[in-house]
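One-letter residues, chain by chain:
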Amino acid sequence: MIPGTSRSGATIIGGLLFGCNRKVATEFSFLLALPAMVVASSYSLYRSYESIYMDNIMILGIGFVVAFLSALLAIKLFLNFISRFNFIPFGIYRIILGVIFLFYLDIL
């Protein structure tokens with residue numbers, strides 16, 4: 001792993017290099033993230049099981065549902081965006097943000 005490299009960006013670029021269209025490559029990238037997120041969330045719940053009480057189960061459930069629905073909405077909007085536009089605006093955004101952080105951290 002290269003520090004600062006986006007996992008989703010790397011998988012999308014890999015998909016594009018192997019001939020997938022932007023939408024399919026992006027969907028694959030999102031699907032590839034699911035096992036890692038499930039395992040990480042399960043491990044986090046396992047590590048903090050002592051602080052989860054029956055009184056908190058409803059709050060945890062509501063938080064899960066809201067997070068799940070907002071993630072679905074974000075994915076749907078992003079896939080819609082990707083099917084209409086290319087990755088150039090995102091690339092420009094990442095480069096500008098990277099340069100700003102380099103100046104902020106006084107590296108340049």
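Scroll up to find the structure.
Residues numbered from 1 in each chain as written. Predicted model: local features only at pLDDT ≥ 70, side-chain atom pairs only at ≥ 80, totals over all residues. Heavy atoms only, no water.

**Q** What am I meant to see in the overall build of the protein here?
**A** Check the secondary structure of the protein and you find 4 helices and 0 strands. Listing each helix as α and each strand as β along the protein from the N terminus yields α-α-α-α. Its C-alpha radius of gyration of 18 Å places the protein more than 25% over the 13 Å reference for a compact globule of 108 residues. Dimensions of the protein, computed from C-alpha atoms along their principal axes, come out at roughly 50 × 40 × 25 Å. Buried residues in the protein amount to 8% of all 108 residues. (Helix = DSSP H or I, 4+ residues; strand = E, 2+ residues; numbered from the N terminus. Rg over C-alpha atoms; globule rule 2.2 N^0.38 Å. Buried < 20%, exposed > 50% of the residue type's maximum accessible area, 1.4 Å probe, protein only.)

**Q** Which parts of the structure should I look at to understand a nonpolar patch on the surface?
**A** A surface patch of nonpolar side chains, about 850 Å² in accessible area, is lined by F90, Y93, L97, F101, L102, Y104, L105 and I107. Mapped onto the elements, L97 comes out in helix α4 (residues 88-104). Of the residues examined, L97 reaches a relative accessible area of 30% and is grouped as partly exposed. (Patch = residues over 30% accessible without salt bridge, like charges linked within 9 Å, V, L, I, M, F, W, Y side chains within 5 Å. Areas by Shrake-Rupley, 256 points an atom, 1.4 Å probe, with all protein chains shown as cover. Salt bridge = Lys/Arg side-chain N within 4 Å of Asp/Glu carboxyl O.)

**Q** Quick question: what am I supposed to make of the packing of aromatic side chains here?
**A** Aromatic rings considered in pairs are described by the distance between their centres and by the relative angle of their planes. For the structure shown, the criterion picks out 4 aromatic pairs. On the numbers, 5.8 Å between centres and 65 degrees between planes, the contact of F30 with F78 is edge-to-face. With F30 in helix α2 (residues 22-47) and F78 in helix α3 (residues 54-84), the pair connects residues that are 48 residues apart, well separated along the chain. For the pair F64 and F68, a centre-to-centre distance of 6.2 Å together with 20 degrees between the ring planes defines the contact as stacked. Taken as a pair, F64 and F68 lie in helix α3 at a separation of 4 residues, close to a single helical turn. (Phe/Tyr/Trp six-rings, centres within 6.5 Å; stacked < 30°, edge-to-face > 60°.)

**Q** Mind showing me how you'd approach the packing of α2 against α3 here?
**A** Following both chains from N to C, one finds α2 and α3 inclined at 165 degrees, their axes separated by 10 Å at the closest point. For the element pair α2 / α3, the angle class is roughly antiparallel. For the pair α2 and α3, the crossing hand works out as right-handed. Listed contacts from α3 to R22, K23, T26, E27, F30 and L45 of α2 are L60, I75, F78, L79, I82, S83 and R84. When the residues that make up the contact of α2 with α3 are grouped by side-chain class, the tally is 7 nonpolar, 2 polar and 4 charged. (Axes fitted to C-alpha atoms, helices over the stretch in contact; angles between N-to-C directions. Parallel < 35°, antiparallel > 145°, perpendicular 65-115°, else oblique. Left-handed = near helix turned anticlockwise from the far one by under 90°. Contact = heavy atoms within 4.5 Å. Nonpolar A, V, L, I, M, F, W, Y, C, P; charged D, E, K, R; others polar.)

In short, the description is geometric, and any link to function would need to be established separately.
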